[in-house]
Amino acid sequence: MSQLFYTKPSHWDWNRALPVGNGRLGAMIYGEGSHEHFQLNEDSVWFGKKRERNNPDALANLDKIRKLILAGNIPQAEELCKYALAGTPQSQHSYQTLGDVYFDYCGALKESRHFRRTLDLATAIHTSTITDVSTSVEYKVETFVSRHYNCIVARFSASEKGKLDLAASLQRDCFYEKTEHTEDSLYISGNLGGGGMDFCCGMRFLSDSGDLQGIGEHIVTKGATNVTVLLTAFTEYRTDNPRRETERILSLASAVDYGQLKAEHIKEYQSYFCRMSLSLDYDRELDKLPTDERLARIDEEHPDNGLINTYMDFGRYLLICSSRGDCLPANLQGIWNRDYNAPWQSKFTININTEMNYWPAGICHLSDCELPFFEHLLRMLPNGRETAKKMYGCRGFVAHHNTDLWGDTAPQDICISATFWVMGAAWMCTHIWNHYLYTQDREFLQKLYPALREAVLFFLDFLIEVDGYYVTCPSLSPENTYIMEDGTSGCLTYGCTMDNEILHELFSHFLKAASLVREKDSALIQKVENYDKKIAPLQIGRHGQIMEWQKDYEEAEAGHRHISHLWALHPAHQITKDGTPELCQAAEITLQRRLAAGGGHTGWSRAWIMNLYARLWQGEQVYTNLLLLFRQSTLPNLLDNHPPFQIDGNFGAIAAIAEALLQSDEERTILLPALPHAWKDGEVKGLCGVGGVIYDLSWKNHSLTKAVLHAAHQTDITLRYQNSEERLSMMAGQTITLDFSA
């Protein structure tokens, strides 16, 4: 059942409200009863303005910091970093809520019953229905967000003619300056603070009643049967006149019949959503239970593959609704943030969270939803050049562990375990080649190649040689702390394992891309090849684990949420079951030690663990950790709980579900590599592999019965299932059906 439904109001609980969005605009719909409440978002509503934050004292102190680290004087190095390498000011700005719209039935709905609210994932339409006890009149609200007209559309209706009285107001706490109205429209406007951008949010009523007027901060209609409400908003980020653009959009949408708005919305949304589907066999009687009740009961003794189907659909829905078209990439909360100073400022955290948001994009046949991520990478490029030059004296470009609306690349916060990490842009750039592998889009590769090239240039200047290897310094393993032999804790060091893994991926991707775009600088290619050969290899420590640092330190927090040193296993393919069995065994030990010490206690970390186990071909562990994600880190509305809400766990988890069914890289594609026992029968359609090949898979009694392959491009693939392997050459547009039932 591709929907979420509930039989109780949210009771003003954001964690029970349901999200709608079109990439730019979003809303959390509460579903309350005698009134309705939408919490609103627009992706460019950020406090403040673009700033120059590069620390002018960084370069003069870089060599001092390096000498202290190499001499083992870690506390002194960390102290100096606080002063010399932190951003100035230290923090980037926050993404903010746009505000709230409150709807009131003006006393017409006195006592409700038969309440139901539904989010249909197949159409991206939220519906609330409620019946008045005294009159038996049913009130209904349908809501969706039109991408074509860039507005939220809410259709209020009453089952009996003339029984709908409705009033609405727009609010933004104390963070706006002006309210204006006409007889059918309401506008709030102001400045987003800190000398930042101006904004405008507008709402228009289209009522079949003649009694419609603006009064104070409200629009009111009486005696209606149907009222269509249109909402939109703009900031100066995209237009020099937000009020004029808001009015223009409302006028355009107002001229279109509601039925047409709805039909166009469904068609556009389904052009994304209908590309893929997962159908695990399950007990259909469970569809009678509301979503929150199903979530509360699911465990090993109470399986519910139907909820897993829904969760997969919901994750794809969230990606489509928070990252499509010319919007910003999905941030820590996708687009749905209720705060003016959000948790971690709801920025783009690029030491895993933003990248994890896009793990399902390629494999779930939504590569075009990743394009806002790449547009933002290009937005960061000129800023990163300045940071590289001013702070490190290097060519190319660099970014640290956070960025914001303006593509800020200077260090964020003063957090020793996170701030002074120079790999953020590098990790983002590894997505470029991977995107190309799924899409075979040469024009895209040509456009993004400068970012990949300049990320490489930075490290050719930044790396130093230690014990025969090129290493980062300063370096850290994101947000983790080690313990030295004398008991001193430290974070900064040189050549952390994750850095080396990312560098190897970055260099190898650059060399592959350079051959396709015909890079003319042969000396650069030769230098990158030489540097790649001198990146430190992975090491196995005394516990049999993958070492996180160049020395076999103990961890201050053995159950840490970051598992950065397994980056080579996932998202990269440097560690594979069929290629590096010894390293896979060490990775498994690493995971076991993390979990035994309480790891996976945040939603996104649990999702990463699921992906790692999928790459180890351990389907039972994928399933067990999915159940733990449901039980410990999933809110009643199925959004991921860090806590608080972060959307990366949703995206990481559906990527892992897909990885359990299909794994594809440049060497081979594996069918059903980590199928859990609980998924006895099922089918998946529309999974995407390297080369742009689309896979439809069916299985019975845990065994593959049929695979249908659709090639978008001419490609050669090596296909594996269990102990069999087949090499296939496919022409563009060709479909191949393989029968495994015999």
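In what follows, the structure referred to is the one given above.
This text gives an overview of the structure that appears in the document. These numbers were taken from a predicted model, which means no experiment stands behind them.

Tallied over the full model, the rule gives 39 salt bridges. Here Asp552 ties to Arg542 by a salt bridge, and the two come within 3.2 Å at their closest N and O atoms. A residue pair is termed long-range when its members are at least 10 positions apart, and Asp552 in the loop between helix H13 (522-533) and strand E24 (554-555) and Arg542 in the loop between H13 and E24 qualify at 10 residues. For Asp578, the salt bridge goes to Arg720, with nearest N and O atoms at 2.2 Å.

Across the sheet, which stays open at both edges, the five strands sit in the order E17-E27-E28-E29-E32 with antiparallel pairing between neighbours. Single-partner strands in this sheet number two, and they are strand E17 (277-280) and strand E32 (735-739). Across the sheet, the mean angle from the axis of one strand to that of its neighbour is 15°, orientation sign disregarded. Examined bridge by bridge, E17 and strand E27 (residues 682-688) share four bridges and lie antiparallel to one another.

What follows covers the side chain of Asp681. Inspection of the secondary structure puts Asp681 in the loop between strand E26 (669-671) and E27. Buried and without a salt bridge, Asp681 has Lys700 as its closest oppositely charged side chain, separated by 4.8 Å. Leaving out residues up to four positions away in the same chain, Asp681 has contacts with Ser279, Leu280, Asp281, Trp699, Lys700 and Asn701.

Okay, helix H1 (residues 58-70) next. End to end, H1 covers 18 Å across 13 residues, agreeing with the expected 18 Å (1.5 Å per residue, within 8%). Looking only at H1, the buried set comprises Ala58, Asn61, Leu62, Ile65, Arg66 and Ile69. On its buried face, H1 is in contact with helix H2 (74-84), helix H9 (371-392), helix H11 (442-462) and strand E20 (464-466).

The next point concerns the packing of helix H10 (residues 424-439) against H11. Interhelical geometry of H10 versus H11 gives an angle of 150° and a closest axis separation of 9 Å. On the basis of the axis angle, H10 is roughly antiparallel to H11. Crossing hand, H10 versus H11: left-handed. Across the interface between the two elements, Ala426, Cys429, Ile432, Trp433, His435 and Tyr436 from H10 touch Arg442, Phe444, Leu445, Leu448, Ala451, Leu452, Ala455 and Phe459 from H11.

As a further point, take unusual backbone geometry. With an omega dihedral of 0°, the bond running from Thr88 to Pro89 counts as a cis peptide bond. Relative to the helices and strands, Pro89 is located in the loop between H2 and strand E5 (99-104). Residues His570 and Pro571 are joined by a peptide bond in cis, for which omega reads 20°. In this model, Asp413 sits at a positive phi of 70°, which is unusual for a non-glycine residue. Checked against the element boundaries, Asp413 lands in the loop between strand E19 (402-403) and H10. Residue Asp413 is classed as partly exposed on the basis of its relative accessible area, which comes to 28%. Residues other than glycine seldom take positive phi values, yet Gln722 does so here, at roughly 50°. One can find Gln722 in the loop between strand E30 (715-721) and strand E31 (724-730). For Gln722, a relative accessible area of 60% translates into the label exposed.

Our next topic: the state of the cysteines. A complete count under the given rule lists zero disulfides for this structure. With no disulfide of its own, Cys369 lies closest to Cys327 among cysteine sulfurs, the gap being 8.3 Å. The exposure class assigned to Cys369 is buried, which follows from its relative accessible area of 0%. In this structure Cys394 is not part of a disulfide, and its nearest cysteine sulfur, from Cys473, lies 12 Å away.

Criteria and cut-off values
Residues numbered from 1 in each chain as written. Predicted model: local features only at pLDDT ≥ 70, side-chain atom pairs only at ≥ 80, totals over all residues. Heavy atoms only, no water. Salt bridge = Lys/Arg side-chain N within 4 Å of Asp/Glu carboxyl O. Helix = DSSP H or I, 4+ residues; strand = E, 2+ residues; numbered from the N terminus. Pairing = 2+ DSSP bridges. Axes fitted to C-alpha atoms, helices over the stretch in contact; angles between N-to-C directions. Buried < 20%, exposed > 50% of the residue type's maximum accessible area, 1.4 Å probe, protein only. Lys, Arg positive; Asp, Glu negative; His and termini not counted. Contact = heavy atoms within 4.5 Å. Expected span 1.5 Å × (residues − 1). Parallel < 35°, antiparallel > 145°, perpendicular 65-115°, else oblique. Left-handed = near helix turned anticlockwise from the far one by under 90°. Disulfide = S-S within 2.5 Å.

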